[in-house]
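Each chain is listed here by its residues.
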Amino acid sequence: MTGSQEFISAAVPPPQQQHSPASTSSVSSTGSVGYTGVQSRPPMVPYMGWQSPGGTTHFTPPDFQYDACYPVVITPPNGTTNVENVPAPPPPAMPPHCVLNGGEQNSRGQQTVHFHVKAGEAVSLQLGGQVQTIQGPATVKWVSMNHEPPLSLPVQAPPGHYVQQILDDNGVLTHFILSENPAYPAAPPFPNGTNANWNNQYYVGEMNGGGGGGPLPPGPPPATTCPTFHAPQQNFYQEPRQMKSQNHKRKYRDPCVKGKSTGSTSPSLSVQSTPPQSPVKPRGTGYSARPRRGGSSAPVDDSEESGIGIEHDEDQEEKELYIEILSNIRTPKVPEINDTWALLVWTPPVSEPGDAKFESLKPIASTDLEYEVLISDKGKDGKYRSIYNGASLDCYLADLRPNTEYHVRVHATLKSRNLKGGASDTVSFVTKCTVPDQPQPPKLTQRSKTTLHLRWNAPADNGKHILHYKLEYDEGSGQAGHFVPVFEGRAKQCNVSRLQPSTIYKFRLAAVNELGASQYSETISYATQGSPPSQPLPPSVADITESSMRLLWSKRPCDDEFTLQMEDPKTGHGFLSQYNGTDVEHTVTKLRKNTTYRFKLRAHNEMGASAYSSDVSYTTNPGRPGPPPKPQVKGKVRSNSFRVTWNLPADNGGSPITVYELELDSGDGWESVYRGDSLEYQCDALQPGTSYRVRVAARSAGGLSEYSESCFVTTEPVVPGVPSPPTLIDKPKAMSLHLTWSGPAYDGGATITEYEIDMTSPDNTTRGVYRGRETECVVASLLPGRPYLFQVRAYNRAGFGGWSEPLEVISGAGPPDKPREPKAVCRSGTAVNISWEQPINNGAIITGYRLEMARVTAPPPPPVDSDTEEETELEEEEEEIDDLQDDQSEVYQDESDEDEEVVEVKERREHEQLCDKEPTQEEAETTKSLPLRDIEWRLAYTGPDRSTDVKDLNPATQYQIRVCAINSAGCSPYSCNVSLETPSTPPSAPHTLTLTQATATTLALKWKKPGENGDRISGYNVEWSGPNKEVRSEPVVSRKLTLDNLKPDTNYSIRVQAINHKGKGPLSQALKVSTKPLPPAPPKLECLSVMHNSLKLKWADGKSNLGTNYILETENAKKVWYPVYHGTAHSFKHNKLTENTEFRYRICASTEAGQGPYSAPLSFRTCYAPPPPVKVAPRVSAITETGCLLTWNTQKSHIPGEAQLHYKVMVSRPRDDQPSATFLSQADNQLRVDSLEPKSDYTVRVCAIRNPANNHPPIPGPASPATNFTTLPKSGPSVAPLAAVATSSEAASEAKRTAWTDQEWAVVILSGFAVFAVFIAMLIHQLISLGTVSS
């Protein structure tokens, strides 16, 4: 049948799956399918498909019987058989009126048989033990792959029928199965008999381009798809075949199949050709990816659906084999189909028996398999969803829609390896039809007193057309479940007449098709029109509150709506509507308490409104009264009683107030104190100074009201009790006592606001010393050692209480009185003598004094460090030089007299003045005093003496002094401040004497200005001494000095002192410096090596000239010297020079003493550059017994305009250090060497020789790499002495014939690559052309 697929038989399901016998399809790489006989008889088709006019192939269960007969067109299998020793099955029974068109042959020699079954007819075909009944209209194609001409199909006609065959001009053989009915013409008997054996392999399918010829009845055209079907297989694991076909290995290709075709399905299923859902693979008892004859191998992709690529490990081949087995799952079957559910069954995947590649795999246990079921209701190419995952081989598909086409496929998964196979072929099925859906209730479109016009919409018919509708009603009886038909027909509307006016009728609707009636719709009620309702009964009351009433009334069949009206007698507006609607109750809200209201009711329907009912009156309940106003205090509040009064509440709740309840709260909770009808009450037996809360509530028939707001009342207090006597907290002090006491036991009902303490002094005078809220105080300003009496009393808003018992206490000793101002006498500019008088000791002996001193004038400015400030001071000093010169004629006072002079200190205040008085403006201007907050006191003396000498003071500085006395009680206050000013003194020693510059004969010095000590500095005196200890001095005015005419490299000690009108100051610290040595002489310059492009120079000795820098200069073409080296090295290589050129150099040395003179210029000349080396070894050719031909690469001279280079050839034995022969050649690149010894080894080298101008001797270059060669053995007389001759034209031509240059070799190699590339391009182009033609 096909060239890429074997004929197989589908497996029979296991016993537990007998409910799902479904056939399985198989697809090869070319899309062809077929059967393989594996039993003792040919394969049987369990269900033979038929094609409807829409192109869908259908299947009918085998037990489905038809009485009619349909024309059938059959393309029989003809030619030789493919099954060996297989008995032929009986031919299918052909009913009458069936047509078989056979013998159609296409371009490839295939034979096609068409089965045509007319509409309303059926045909049963038997193949083996299976019988297939086909219901028309249908067209089924059978194709035979034999190339023989069409033959007659052996058909066994049933009793009462006969077969007639007609061959038309197009080669189409038509078989007519006719009955013996006289309406059909008689036909000759079947020429081949009725018991012909069918022993050829075939498959049931469809083919493009098929069609019958001859006198055929009109029927549907053949479909374009090629569905294929397989007989069931006997076992899950294949058994060895008992019988093999003779042509088992013959392969055929189905020309109508261009892709994968779906397999056969179960009864009532619709199978169509769909795109492949899994890798293309042959469907049979096993899966094989090996290439088939006549077709390509089945490709297996690595998509997620096929399972390849889920996990990547080393055993990829084994995974692929398992995936092949998992992908070989048969098409699932649907043996049971209902309107909303279906049963799906499938078989496990199988492997191809006899295939060696599966023998190494372990058998797959059924418990290791899981299956996933995917379903789609959007077409075969629609989106699929997973509905089942498990190990079972069947599942029920529930919640389906009737008369709906579904598409299902199955995946197999190997749990242990996490491998998932490809999907099975898609099985399609259509759920059964069923009764229509439940319709919606009918809608009322029009009504009158005796008719109701109803209309409804058609529900879903669920696959069968709705035949009619059934409308029922209850005849207006109102009985539950009582309905009688009122309409039955195909119309979707009905006019129900002969009804009673003002009557309610219930209706329900059902739809009926050929399968039965649907459920009835929901019951709906409609009423006919009638007269207005009669007067209703008045409403009754169900519930009454203070502000609402809930009214009830009854509803009659003729009542649709109601109107409730209410009259409020206080408003005077009459009856007003309160409710309009269909409810039978209503709650009226927002009513007043204890008020009577009147109500009446009226009913409505479509015909009008009834008369109002009789009036009815109802009264609301009385409510709780409102809270009374806040109680008020009446009269004066006393310490033990008060009277409260209150008013009536604003709202009495609709009934009069009968009782008032008064409650009182003193902090322990509310307590009822009064109950009566009075509006005031007297509260007695209260506590003084206590806060009370009062509230009142009113009671009526409606109940007790809320309590009023609380009124706060506080009774008047009384004076407090007597406090406890005062006591001392600490030990009595000389000037103060720290007292404390406790409050009284009873505060009189009010908070104690303050206490008062009276003190009785030793002179029997009493005065108050404290008044405040605290219970302790400090009484100060006492006299030491005196007796005192203290009493205390408490006070509240009622007044003072009684005095406590007195406390008698004696004060302690105190510190001394404040001393008088001390006196100061200056001894010098840095020392002063201070004395003071003894103060009153206040009962304790003075044990010592404390003297403190503070500097008032600002300290001298800090030393000037920056150059800018120093220059400013120097400018000021230069301005003062002229003034100092005028003062040189003056006579200084004798310093000794000045030291002995006693300067009296001017006291700034008299003793009788206050010491804290501010100084006068004139005194403030005379002294540059510091602000008071900047004065810092320091201890100058402590001890029992009343005088002391203070030293280390600053000259010309103002100070303040003070003193205090100390005894066992403490320190006295400090005395008043006394000011003093120290006299001026000679200046201080200069500081920061530094060396600014030093040479071999000079030293430049500078220093910082010292303190003037109250007098301006007039000059400085500089002293220095050398190694001979001779001291010399020089006066200067400025603070800079340069000492000259010094000895080189000599140490000096220098000191400076300042001078003012008071005399010379101390010398500064000595500065030890030394002069620098003289600059060094230039070293001797030598040339160590001379090259053509560099000169290496050397000078001095590195060991004897450490720390010396050298400057090497050269002269350029413009006669200008410029440095080429500056450093501490003793040699320098001057590179990048020109050959045969003279260069001039000079050098000098530089040390800390300075830079020395340059040496005399010296001239050095570079030499000639050697010729370039011959980099390639010479080539030896034309070797003879006594000579050879040498060639080498020529070199170009790097000097433009110079003559060409000559070459020197050196020939030597391999073990000789010196060349045994040397040959000179001109500018030629080859040389013929003769007179060599036969059969001897030689080494040859070549070097270039440069001949400079100016009669300079030749300059040889480096030798080339060596070339070894051996002369030929001797064959003639002895050779002449070794000699070299110039090559002739013949030798040159011979060398050219035997040796190629590098350029020639490059051209040859490039040409070869070009030819090879062209050949490859032509080959690729030819392969592409062949591939395009083949596809």
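Coordinates for the structure precede this section.
The following refers to the structure shown. (Residues numbered from 1 in each chain as written. Predicted model: local features only at pLDDT ≥ 70, side-chain atom pairs only at ≥ 80, totals over all residues. Heavy atoms only, no water.)

## Quick notes on the sheet that holds strand β27 (residues 540-544)
Turning to step 1, where the next piece is worked out: The three strands are arranged β27-β28-β31 in an open sheet whose pairing can be described as antiparallel. The sheet terminates laterally at β27 and β31 (585-588), the two strands that pair on one side only. Between one strand and the next, the sheet's axes are offset by a mean angle of 25 degrees, whatever the strand orientation.
Turning to step 2, where the next piece is worked out: Pairing of β27 with strand β28 (residues 549-552), which is carried by four bridges, proceeds in the antiparallel orientation. Residue S540 lies in a different strand from β28, and its bridge partner there is L552. (Pairing = 2+ DSSP bridges. Helix = DSSP H or I, 4+ residues; strand = E, 2+ residues; numbered from the N terminus. Axes fitted to C-alpha atoms, helices over the stretch in contact; angles between N-to-C directions.)

## Some details on the environment of A1182
Turning to step 1, where the next piece is worked out: Summarising the element assignment, A1182 is placed in the loop between β76 (1179-1181) and β77 (1188-1191).
Turning to step 2, where the next piece is worked out: In this structure, the C-alpha to C-alpha distance between A1182 and T1271, residues 89 residues apart in sequence, is 9.9 Å.

## Quick look at the pairing of strand β48 (residues 787-796)
Turning to step 1, where the next piece is worked out: Pairing of strand β45 (residues 754-760) with β48 involves seven bridges; the strand directions are antiparallel. By the bridge assignment for β48, I757 is matched with V792.
Turning to step 2, where the next piece is worked out: As paired elements, β48 and strand β50 (residues 807-810) share four bridges and run antiparallel to each other. Directly across from Y788, in β50, lies its bridge partner V809.
Turning to step 3, where the next piece is worked out: Where β48 and strand β49 (residues 799-800) come together, two bridges link them in antiparallel fashion. Along β49, the bridge assignment pairs Y795 with F800.
Turning to step 4, where the next piece is worked out: Taken together, β48 and the strand that follows it, β49, pair antiparallel across an intervening segment of two residues.

## Concerning unusual backbone geometry
Turning to step 1, where the next piece is worked out: You will see that N764, though not glycine, has its phi angle at about 65 degrees, which is positive.
Turning to step 2, where the next piece is worked out: Residue position: N764 is located in the loop between β45 and β46 (766-772).

## Brief notes about the packing of aromatic side chains
Turning to step 1, where the next piece is worked out: Per the stated rule, a full pass over the model turns up 28 aromatic pairs.
Turning to step 2, where the next piece is worked out: Look at W1007 and Y1020: their rings are 5.6 Å apart centre to centre, the planes differ by 70 degrees, and that puts the pair in the edge-to-face class. Placement of the pair is W1007 in strand β61 (residues 1003-1008) and Y1020 in strand β62 (residues 1017-1025), with a sequence separation of 13 residues.
Turning to step 3, where the next piece is worked out: The class of W1007 is buried, set by a relative accessible area of 1%.
Turning to step 4, where the next piece is worked out: Given the relative accessible area of 2%, Y1020 is considered buried.
Turning to step 5, where the next piece is worked out: K600 extends its terminal NZ or CZ atom over the ring of F575, reaching a point 4.4 Å from the ring centre.
Turning to step 6, where the next piece is worked out: A cation sits over an aromatic face here: R793 above F800, 4.2 Å from the ring centre. (Phe/Tyr/Trp six-rings, centres within 6.5 Å; stacked < 30°, edge-to-face > 60°. Buried < 20%, exposed > 50% of the residue type's maximum accessible area, 1.4 Å probe, protein only. Lys NZ or Arg CZ within 6 Å of the ring centre and 35° of its normal.)

## Comments concerning the pattern of salt bridges
Turning to step 1, where the next piece is worked out: All told, the structure shown has 31 salt bridges when counted by the stated rule.
Turning to step 2, where the next piece is worked out: Close ionic contact of R598 with E567 constitutes a salt bridge, the shortest N to O distance being 2.8 Å. With a gap of 31 residues between them, R598 in strand β32 (residues 596-605) and E567 in strand β29 (residues 561-567) connect regions that are remote in the sequence.
Turning to step 3, where the next piece is worked out: Here R598 falls in the partly exposed class, since its relative accessible area comes to 31%.
Turning to step 4, where the next piece is worked out: The buried category is assigned to E567, whose relative accessible area is 17%.
Turning to step 5, where the next piece is worked out: Two residues, E1115 and R1144, come together in a salt bridge whose shortest N-O distance is 3.0 Å. With a gap of 29 residues between them, E1115 in strand β70 (residues 1109-1115) and R1144 in strand β73 (residues 1142-1151) connect regions that are remote in the sequence.
Turning to step 6, where the next piece is worked out: Assessed through its relative accessible area of 14%, E1115 is described here as buried.
Turning to step 7, where the next piece is worked out: Looking at R1144, the relative accessible area reads 31%, which means it is partly exposed.
Turning to step 8, where the next piece is worked out: One continuous salt-bridge network, built from bridges that share partners, spans E567, R598 and D615. (Salt bridge = Lys/Arg side-chain N within 4 Å of Asp/Glu carboxyl O.)

## What about the pairing of strand β24 (residues 504-513)?
Turning to step 1, where the next piece is worked out: For β24, a buried count of seven out of 10 residues is recorded, marking the element as mostly surrounded by other parts of the structure.
Turning to step 2, where the next piece is worked out: By the bridge criterion, seven bridges tie strand β21 (residues 466-473) to β24 in an arrangement that is antiparallel. Of the residues in β24, the one forming a bridge with L471 is L509.
Turning to step 3, where the next piece is worked out: Inspection of the sheet shows β24 paired to strand β26 (residues 524-527) by four bridges, in the antiparallel sense. Note on β26: the bridge partner recorded for F507 is I524.
Turning to step 4, where the next piece is worked out: Here β24 folds back onto strand β25 (residues 516-517) in antiparallel fashion, the turn holding two residues.

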